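Summary of structural features
What follows is the residue order along each chain.
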Amino acid sequence: MRSPARLIVALAVAGVLAVFLVYTALAGTSTPQVVPSQLATQKPGKVSVVGTVVGPLRGESHSAAGLRFALRDIGGKTAAVVPVVYRGDSPPPLFAVGRHVVVGGRYEGGRLLGSSILTKCPSKYTASTSKS
Amino acid sequence: MADLGRAALVVSLGLAVYALVAGGYAAYAGRRRLATSARNALLACFGSTLVASAVLATALVRHDFSFVYVASHTNRTLPTIYALSAFWGGQEGSLLLWLLVLTAYGALAVAVNRRLLRDVVPWVVPVLGGIASFFAFVLVAVASPFDTQTAPVDGAGLTPSLQNPYMVAHPPMLYLGYVGLSIPFAFAAGALLSGRTDERWIVATRRWTIAAWTFLGFGQLLGAHWAYVEVGWGGYYAWDPVENAALMPWLAATAFLHSVMIQERKGMLKVWNMVLVALAFELSVFGTFLTRSGVVNSIHSFAKSPIGGWFLAFVVISSLFSLGLILLRLPLLKARTKLESALSREAAFLYNNLLLVALCLTVLWGVLFPIVTQLVKGESRTMGRPYYDFFLRAFGLPLLLLMGIGPLIAWRKTSVRSLARTLAWPVAASAAAGVVLVAAGAGSSRPGLIAYTFSAFVLGTIVLELVKGTRATGSLVALIARNRRRYGGYVVHAAVVLLAIGIAGSSAYSTTREQKLRPGQTADVAGYRLTYLRTEPIVGDPNRTGQYAVLNVGGRWHGTLRTGQVTYTGFQETDEDVGIKTDWLRAQDLYVIANFTSGSQAVYFKILVKPLVNLIWLAGIVFVLGSLVALWPDAREQRRLATRLAPAHA
Amino acid sequence: MTWAWILLGAVLAAGAVVLVALPFLREPQPEDDRLDAPTAGQARLVELAEERDRALAALKELEFDHRTGKIADDDYRQLVSPLRQAAASALRALDAEQARYGARMNDLETPAPVPEPAPPPDEGTPPTPAPVPEAYPPPDEGTPPREPAVPEPGPQE
């Protein structure tokens, strides 16, 4: 009796690939992840920006005008900052000036219209002896 | 004292290299005394690593700030338990922990099996020596825990949000898992190197694999619970690369655990198992590379470190070694029997493996995607939660179903007729459950409903198995005692079902509401009525400032909930102290996060009701119980194995 | 104080060296320094023993599955005889190899099977040319086998 094993494996691989293709065709949901200094060359659209929060923090995320702040590169080698307008749920409690955050949203007209903020957990494994 | 630590690590490195080189030569040339010497070197390596660890632990407890490591991760006011847990809180210390566990496991595994696997162990020693050499080298030359400085007055301290029992338990548990996967890998490589075609290495490392897998799984659940209770965003898993770093080897190990059963019984899937065990090992090292190197962005922030390059090189070299070895020994790995039918237990195990590996590779792709796109397009792109959720459902739900069908299919071949007959009862039970669930409102989420129905099905099959088995052998205890691995496995399956129900309930059927409340105002969420009473500032605590919002809860539960934000003096960080009310009867959580606005009495509350979330934590306990049953030493089996393998004794 | 640590370090290093050199110190002039590997004969015995255990395990599992209703009667009848033959031939092969391996071990072999303490499959032993002793357990149900001969270290090959 010929072993169906090869057939099974071939079908399985084909099946997985098919699922992948269907998914990427329908969803296509990868988001570019950039740092603020790269945003200038970015096309308008969905984007996810990793940076350090620059104050002052103005406004309130639930209001129409949103919470306004700026982001700059972690490590701060460039002075480039990107203005951010964040609207939505309250930002996570660790959100503060000087924090490393990931802001997701749309880049439009030189500004980042943020819809999600992720803050990083307290650091482990850092090379420096910084406190927070 | 740091000198002793440094010296001990150099000694460890020397011993590990000796075990690799001398052990390799001894196995190759068949030299008995040299092989024993190499084995002793592994044991001595454990000894010297233990000394180094004792030095670091002592320095931590004694607040010896002349150690750079101690000064960076502790301070004088830190309680002793957290000072000790700082051992694995930093890069260098965690590497030392890795080496310690590796040498401990290695020395033990080799000592225990030195007679039963006399021909394989001489090859296992150099493999373990090689792995230990890498870690010892990194500890000596790249990231030493024993760098010294002029002692500052006080250390930097541990950020308060890491001062909790999870910090004490979660990393060591994960390490016991990660490192434990080295043992089956080393024995598999040893078996291949020695040219042995029998399955003794699987039998010998079975308990090691199960134990490592259990530690890794439980460690992940601990991490999830930590995130849920302490970090407080309302979730427990974010598909973050660091989380995935533990998930991937766990999935590979799960696949391996199942497919070795086939190799033992049928002599099939030999090449596949070699690949799987190597994959599990490589993923565990790769996972720690991801975690430490900073090469991917993660919410567990670890700075970019030069150590990443070394780890990557090790993963590449050991992968090439494993691949080369498998290809070299391919003729020895011919299957003894073939798969006879697509409807057989062998085939079911094969499907299980394919699904698990597919899920594992999906997660791996998601983790690597930012790196790949960065290299290819110059712009790094990330996959979001929807990607992972989709594939978790696409592969996880069939896997859940298979967990129920698999144990009921017979070996070699089952007719559709007899399978239908066996499954009739559980299928009917799950259909009935489905109807009840839809009536109860579960139809609002289709994947959730499917998950629930499949879970009911699997539970039905487990019950069926236990009932039939008890009837056949006379007593449940005797049934389980005579076949601990199988019934322990069923208990673990039950844990997975609980996990599935918990995840489905708390994600597909959860309610989330964000509402701004002034004092006196009320929010109604999913049967709870929350009234914001007042804000209480934290007073009288020199270490903390902040405030708590006090809410009165009515409806499903009557009581008071406090949720707030705490800032620790000296650390610029605000922690969320969420208010969670667990309703044990309904197994759901009321979860409230408060966000205070400055200059206003109003508070934004994020209110979540998460049904069945506590089943996830219960699943963790059941999981460990099931593993214990499976691991339990069986005196009769030991005797039988000893007599079976006795012909090999000389 | 540092010299104390350095001394400790030296002691540690010395201890490691001793441990590593121990096999050579114990036997400076060994008669035989060859690695104790199982001979081809011994390896063959292990393989055959594994095959015996596998065959008997498959048989026992089949009977258990039949008893608990996973396998229908006619499927069982179809599957059981090849399994029984496989088990019988595995036993025969192992016996033959053991006899060949150590003739003086024969008197240590127990011909009669030890009855199982726990309830065995109640089909009873089938009438086949080579009766299958009930005592052999499958790998996943740990009852002890009849105590077979443990061939003493035979002449080194």
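Residues numbered from 1 in each chain as written. Chains lettered and ligands numbered in written order. Predicted model: local features only at pLDDT ≥ 70, side-chain atom pairs only at ≥ 80, totals over all residues.

**A look at the overall build of chain B**
Within chain B, the regular secondary structure consists of 20 helices and 11 strands. Here the C-alpha radius of gyration of chain B, 27 Å, is about what a compact globule of 650 residues would show, namely 26 Å. By principal-axis analysis of the C-alpha atoms, chain B measures approximately 85 × 75 × 55 Å. In chain B, buried positions account for 59% of the 650 residues. A fraction of 72% describes how many contacts in chain B between residues 6 or more apart in sequence connect residues 24 or more apart. (Helix = DSSP H or I, 4+ residues; strand = E, 2+ residues; numbered from the N terminus. Rg over C-alpha atoms; globule rule 2.2 N^0.38 Å. Buried ≥ 20, exposed ≤ 12 C-beta atoms within 10 Å, placed from the backbone. Contact = placed C-beta atoms within 7 Å.)

**Some details on the overall build of chain C**
Of the regular secondary structure elements, chain C holds three helices and zero strands. Listing every helix and strand of chain C by position from the N terminus yields α-α-α. Residue pairs in contact within chain C that sit at least 24 positions apart in sequence constitute 73% of those at least 6 positions apart.

**A closer look at the sheet that holds strand 9 (residues 579–583) of chain B**
Residue and element names in this part refer to chain B. Taken in spatial order, the four strands line up as 3-11-10-9 in an open sheet, and their pairing is antiparallel. In this open sheet, the two strands that pair with only one neighbour each are strand 3 (511–517) and strand 9. Here the average twist between neighbouring strands, direction ignored, is 15°. (Pairing = 2+ DSSP bridges. Axes fitted to C-alpha atoms, helices over the stretch in contact; angles between N-to-C directions.)

**Some words on helix 7 (residues 165–180) of chain B**
In this model helix 7 of chain B runs 23 Å from its N-terminal to its C-terminal C-alpha over 16 residues, within 8% of the 22 Å that 1.5 Å per residue would give. In the core, the buried residues of helix 7 of chain B are packed alongside helix 4 (80–85), helix 5 (91–112), helix 8 (182–194), helix 9 (200–231), helix 10 (241–266) and helix 11 (270–293) of chain B. (Expected span 1.5 Å × (residues − 1).)

**A few points about the pairing of strand 4 (residues 81–86) of chain A**
Residue and element names in this part refer to chain A. Of the two faces of strand 4, the one lined by Val82, Val84 and Tyr86 is fully buried and the one lined by Val81, Pro83 and Val85 carries no buried residue. Summarising the sheet, strand 3 (residues 67–72) and strand 4 pair through six bridges and their orientation is antiparallel. Bridge pairing in strand 4 places Ala70 opposite Pro83.

**Quick word on the packing of helix 6 (residues 121–142) of chain B against helix 8 of chain B**
Working note: a packed helix pair is described by the angle between its axes plus the distance between those axes. Residue and element names in this part refer to chain B. Contact geometry of helix 6 with helix 8 gives a least axis separation of 8 Å together with a crossing angle of 130°. When the axis of helix 6 is compared with that of helix 8, the two are oblique. Seen from above, helix 6 lies across helix 8 with right-handed handedness. Contact residues: Val121, Trp123, Val124, Val127, Leu128 and Ile131 in helix 6; Ser182, Ala186, Phe187, Ala189, Gly190, Leu193 and Ser194 in helix 8. Its residues assigned to classes, the contact of helix 6 with helix 8 shows 10 nonpolar, three polar and no charged. (Parallel < 35°, antiparallel > 145°, perpendicular 65-115°, else oblique. Left-handed = near helix turned anticlockwise from the far one by under 90°. Nonpolar A, V, L, I, M, F, W, Y, C, P; charged D, E, K, R; others polar.)

**Here we look at the nonpolar core**
Ala19, Phe135 and Ala252 of chain B are the most contacted members of the largest nonpolar core, which totals 227 residues. Viewed by domain, this core spans two of them, domain 1 (2–383) and domain 2 (415–509 + 623–628) of chain B, each represented by three or more residues. Excluding its chain neighbours within four sequence positions, the residues that come into contact with Ala19 of chain B are Ala38, Ala41, Leu42, Cys45, Val125, Pro126, Leu128 and Gly129 of chain B. If you look at the next biggest cluster of nonpolar residues, it comprises 23 residues, including Val49, Val84, Ile117 and Leu118 of chain A. (Core = buried A, V, L, I, M, F, W, Y, C linked by C-beta atoms within 7 Å. Domains from an automatic or database assignment.)

**A look at the pairing of strand 3 of chain A**
A regular strand places its side chains on the two faces of the sheet in alternate fashion. Two elements, strand 2 (residues 45–59) of chain A and strand 3 of chain A, share five bridges in a ladder whose sense is antiparallel. In the strand pairing of strand 3 of chain A, Arg58 of chain A is matched with Arg68 of chain A.

**Quick word on the environment of Asp33 of chain C**
With respect to the secondary-structure elements, Asp33 of chain C resides in the loop between helix 1 (2–26) and helix 2 (40–67). When sequence neighbours within four positions are dropped, the list of residues in contact with Asp33 of chain C reads Arg31, Arg32 and Arg33 of chain B.

**Comments concerning the interface of chain C and chain B**
Contacts between chain C and chain B engage 57 residues on the former and 57 residues on the latter. Where the side of chain C that touches chain B is concerned, the elements lending two or more residues are helix 1, helix 2 and helix 3 (73–101) of chain C. Of the residues assigned to the side of chain C that touches chain B, the class counts are 35 nonpolar, seven polar and 15 charged.

**Focus on helix 15 (residues 416–439) of chain B**
Note: α-helices contain 3.6 residues per turn, so residues at a spacing of three or four share the same orientation. Here helix 15 of chain B contains 24 residues, and its C-alpha end-to-end distance of 32 Å stays within 8% of the 34 Å for a straight helix at 1.5 Å per residue. Taking the largest bend as the criterion, helix 15 of chain B deviates by roughly 45°, centred on Ala424 of chain B, and proline Pro426 of chain B comes between one and four positions later. Turning to helix 15 of chain B, its buried residues are Ser418, Thr422, Pro426 and Ser430 of chain B. Its buried side turned inward, helix 15 of chain B meets helix 14 (385–405) and helix 16 (446–473) of chain B together with helix 3 of chain C. (Bend = angle between axes of the 7 residues up to and from the residue.)

**A look at the domain arrangement of chain B**
Residues and elements named next belong to chain B. Splitting chain B by domain gives domain 1 (2–383), domain 2 (415–509 + 623–628) and domain 3 (511–611). The C-alpha-based centres of domain 1 and domain 3 are spaced at 40 Å. The residue inventory of the side of domain 1 that touches domain 3, partitioned by class, reads two nonpolar, four polar and no charged.

**Things to note about unusual backbone geometry**
Residue and element names in this part refer to chain B. With a phi close to 45°, Ala526 is a non-glycine residue in the positive phi region. Inspection of the secondary structure assignment puts Ala526 in the loop between strand 4 (522–525) and strand 5 (528–537). A count of 18 C-beta atoms within 10 Å places Ala526 in the partly exposed class. The phi dihedral of Leu612 falls on the positive side, at around 65°, and the residue is not glycine. Summarising the element assignment, Leu612 is placed in the loop between strand 11 (603–611) and helix 19 (614–631). A tally of 23 C-beta atoms within 10 Å means that Leu612 is categorised as buried.

**A word on the sheet that holds strand 5 of chain B**
All names here are of chain B. Spatial strand order, 4-5-6-7-8: five strands in an open sheet with antiparallel pairing. Among the strands making up the open sheet, the edge pair consists of strand 4 and strand 8 (574–577). Mean inter-strand twist for the sheet, computed between neighbouring axes without regard to direction, equals 25°. As paired elements, strand 6 (residues 544–555) and strand 7 (residues 559–568) share 10 bridges and run antiparallel to each other. Bridged to Ala549 within strand 7 is Thr563.

**Some points on the environment of Gly109 of chain A**
Residue and element names in this part refer to chain A. Within the fold, Gly109 resides in the loop between strand 5 (100–108) and strand 6 (111–119). The exposure class of Gly109 is exposed, given the 9 C-beta atoms found within 10 Å. Placed 65 residues apart in sequence, Gly109 and Pro44 show a C-alpha to C-alpha distance of 7.5 Å.

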